[in-house]
Amino acid sequence: MTDVQKEELMRRALDLARKGLGMTHPDNPMVGALIVEKGKVVAEGWYEKDGGAHAEVNALSQLGRRPKKDATLVCTLEPCSTEGRTGACVDAILKSGIRHVILGAIDPNPMHAGRGLDKLKEGGVSVETRILTDDCEDLNLIYNHWKEQGTPFFATKTATTIDGYVATRSGHSKWITGKEARLDVMYWRRFFPAIAVGTGTVLRTIQN
């Protein structure tokens, strides 16, 4: 498999991971996974919601059979190595018989960081890393910040006129940004489990 092919597969895994946008809070990342046999994607999975089965397990479930000997697992994030509400993904991979894994990013969670790789290698699995790592890390910037810094991730959104106003002279609200910008804001809101707004916005919403 060439580097170009690996990157194409990882982009597909990233697309799958984004399907979990806004559903993996409060303490889990978005993850996408593919199972590839002879260069062909035969199963896909992503982390669909908090508390549900992880991407790797979902891909294995979709496959519905034992992977072939040449099978490769492509995953945007290092598989978890500890058992919580679900079993450890590393154990599921080892049990499946897959012997080659391609990863995008290492999990910044101290409970997992690097342990999943070590357990896979100890189990006889060859592991490739650093495939579209920047894209895979950027996918979970809020999760990564929380795990690395232990503090909430804040983002500020403002829409003002060039002279600093947010309404007309009469005080009536009016669109300042264009349609594309408003749609982009709605997209980004799904990344955040909490949104802070002014009292006026809340009161006006209740009144309407």
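Note that the structure is predicted; figures quoted are calculated from it, not measured.

Observations regarding the packing of helix H2 (residues 55-63) against helix H3 (residues 89-96)
So, step 1. At a minimum axis distance of 9 Å, the contact between H2 and H3 shows a crossing angle of 30°. One element, H2, and the other, H3, form an angle in the roughly parallel class. The handedness of the crossing between H2 and H3 is left-handed. Along its contact with H2, which presents Glu56, Val57 and Leu60, the element H3 presents Cys89, Ala92, Ile93 and Ser96.
So, step 2. Split by residue class, the contact of H2 with H3 holds 5 nonpolar, 1 polar and 1 charged.

Some words on the pattern of salt bridges
So, step 1. Applying the stated criterion to the full structure yields 9 salt bridges.
So, step 2. As a salt-bridge pair, Lys6 and Glu128 come within 2.6 Å of each other at their nearest N and O atoms. Residue Lys6 is located in helix H1 (residues 3-17), and its partner Glu128 is located in strand S5 (residues 126-128); the two are separated by 122 residues in the primary sequence.
So, step 3. Between Asp50 and Arg85 there is a salt bridge whose closest N-O contact spans 2.8 Å. Pair noted here: Asp50 is in the loop between strand S2 (40-46) and H2 and Arg85 is in the loop between strand S3 (72-77) and H3, with a separation of 35 residues, a long-range link.
So, step 4. Residue classification places Arg85 among the exposed residues on the basis of a relative accessible area of 60%.

Rules used in this analysis
- Residues numbered from 1 in each chain as written.
- Predicted model: local features only at pLDDT ≥ 70, side-chain atom pairs only at ≥ 80, totals over all residues.
- Heavy atoms only, no water.
- Axes fitted to C-alpha atoms, helices over the stretch in contact; angles between N-to-C directions.
- Helix = DSSP H or I, 4+ residues; strand = E, 2+ residues; numbered from the N terminus.
- Parallel < 35°, antiparallel > 145°, perpendicular 65-115°, else oblique.
- Left-handed = near helix turned anticlockwise from the far one by under 90°.
- Contact = heavy atoms within 4.5 Å.
- Nonpolar A, V, L, I, M, F, W, Y, C, P; charged D, E, K, R; others polar.
- Salt bridge = Lys/Arg side-chain N within 4 Å of Asp/Glu carboxyl O.
- Buried < 20%, exposed > 50% of the residue type's maximum accessible area, 1.4 Å probe, protein only.

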